[in-house]
Every structure is written in structure tokens, then in C-alpha cells.
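Residue-level listing of the chains:
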Amino acid sequence: MHWQRITFNPAQMGGQACIRGLRIPVATVVRCVASGMTHAEILLAYPDLEEADITEALNYAATLTEDRVIPLRPTGS
């Protein structure tokens, strides 16, 4: 998937996923939502963000959780 608002720059924020080249990591936005902040509160706390940034950050995080883990049966016994 191509992200229009998620950027990666090794010279910025250690290369972690950020919003539109800003020094606002996707993880920060997702943590704000997870802590119960409304979109309006997040936009007030981070005036450079736009509503679409929050939406894409959440979609990016959801995509990362789509990996499937297949538990292995214990060996031996």
C-alpha cells in the first residue's frame, strides 16, 4: 500500500514513520487516540496535523497488525 501522509526519513526521528515529514511520529498519534483523546484534542495539541493525518496514522497502524502469527506446537513430550 502507498501511504500519502506517512513518511520515512532515516535522518529524521531515527527513520520512524512520521506524518508528512513533520517530526510527529505515527506512534505518537496512535498513542493519543489509544489514551482516549478525541481527534479535536489531538489537532489542538498538534496544530500542524490535519484530520486526514490521524485517519492515515490509524490505518497504517492497523496494517501493521495484519501479520499473522502461527503458533508452533511444542516439540518433544
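Parameters at a glance
- Residues numbered from 1 in each chain as written.
- Predicted model: local features only at pLDDT ≥ 70, side-chain atom pairs only at ≥ 80, totals over all residues.
- Heavy atoms only, no water.
- Helix = DSSP H or I, 4+ residues; strand = E, 2+ residues; numbered from the N terminus.
- Axes fitted to C-alpha atoms, helices over the stretch in contact; angles between N-to-C directions.
- Parallel < 35°, antiparallel > 145°, perpendicular 65-115°, else oblique.
- Contact = heavy atoms within 4.5 Å.
- Nonpolar A, V, L, I, M, F, W, Y, C, P; charged D, E, K, R; others polar.
- Buried < 20%, exposed > 50% of the residue type's maximum accessible area, 1.4 Å probe, protein only.
- Lys, Arg positive; Asp, Glu negative; His and termini not counted.
- Salt bridge = Lys/Arg side-chain N within 4 Å of Asp/Glu carboxyl O.
- Polar contact = N/O pair within 3.5 Å; in protein donor to acceptor, adjacent residues only side chain to side chain.

(A) Spotlight on unusual backbone geometry. Backbone geometry at Met13 places phi at a positive 55 degrees, although glycine is not the residue there. Tracing the backbone through its elements, the reader meets Met13 in the loop between strand E1 (6-7) and strand E2 (18-19). A positive phi is found at Arg20, a non-glycine position, where the angle reads about 45 degrees. For Arg20, the location among the structural elements is in the loop between E2 and helix H1 (26-34).

(B) Highlighting the packing of H1 against helix H3 (residues 51-64). Orientation of H1 relative to H3, taken along the N-to-C sense of each, is 95 degrees, at an axis distance of 9 Å. By the angle between their directions, the pair H1 and H3 is classed as roughly perpendicular. Across the interface between the two elements, Val26, Val29, Val30 and Val33 of H1 pack against Ile54, Ala57, Leu58, Tyr60 and Ala61 of H3. Considered class by class, the residues forming the contact of H1 with H3 number nine nonpolar, no polar and no charged.

(C) The arrangement of the side chain of Glu56 in detail. Inspection of the secondary structure assignment puts Glu56 in helix H3. Although Glu56 is buried, it forms no salt bridge, and the closest oppositely charged side chain is Arg5 at an N-O distance of 5.0 Å. Polar side-chain contacts of Glu56 include one of 2.9 Å to the backbone nitrogen of Gln4.

(D) Main features of the pattern of salt bridges. One pass over the structure, following the stated rule, counts three salt bridges. Among the ionic pairs, Arg5 bridges to Asp53, the shortest N-O distance being 2.5 Å. Of this pair, Arg5 sits in the segment before E1 while Asp53 sits in helix H3, and the two are 48 residues apart along the sequence. Residue Asp53 is classed as buried on the basis of its relative accessible area, which comes to 0%. Here the salt bridges share partners, and the residues they tie into one network are Arg5, Arg20, Glu50 and Asp53.

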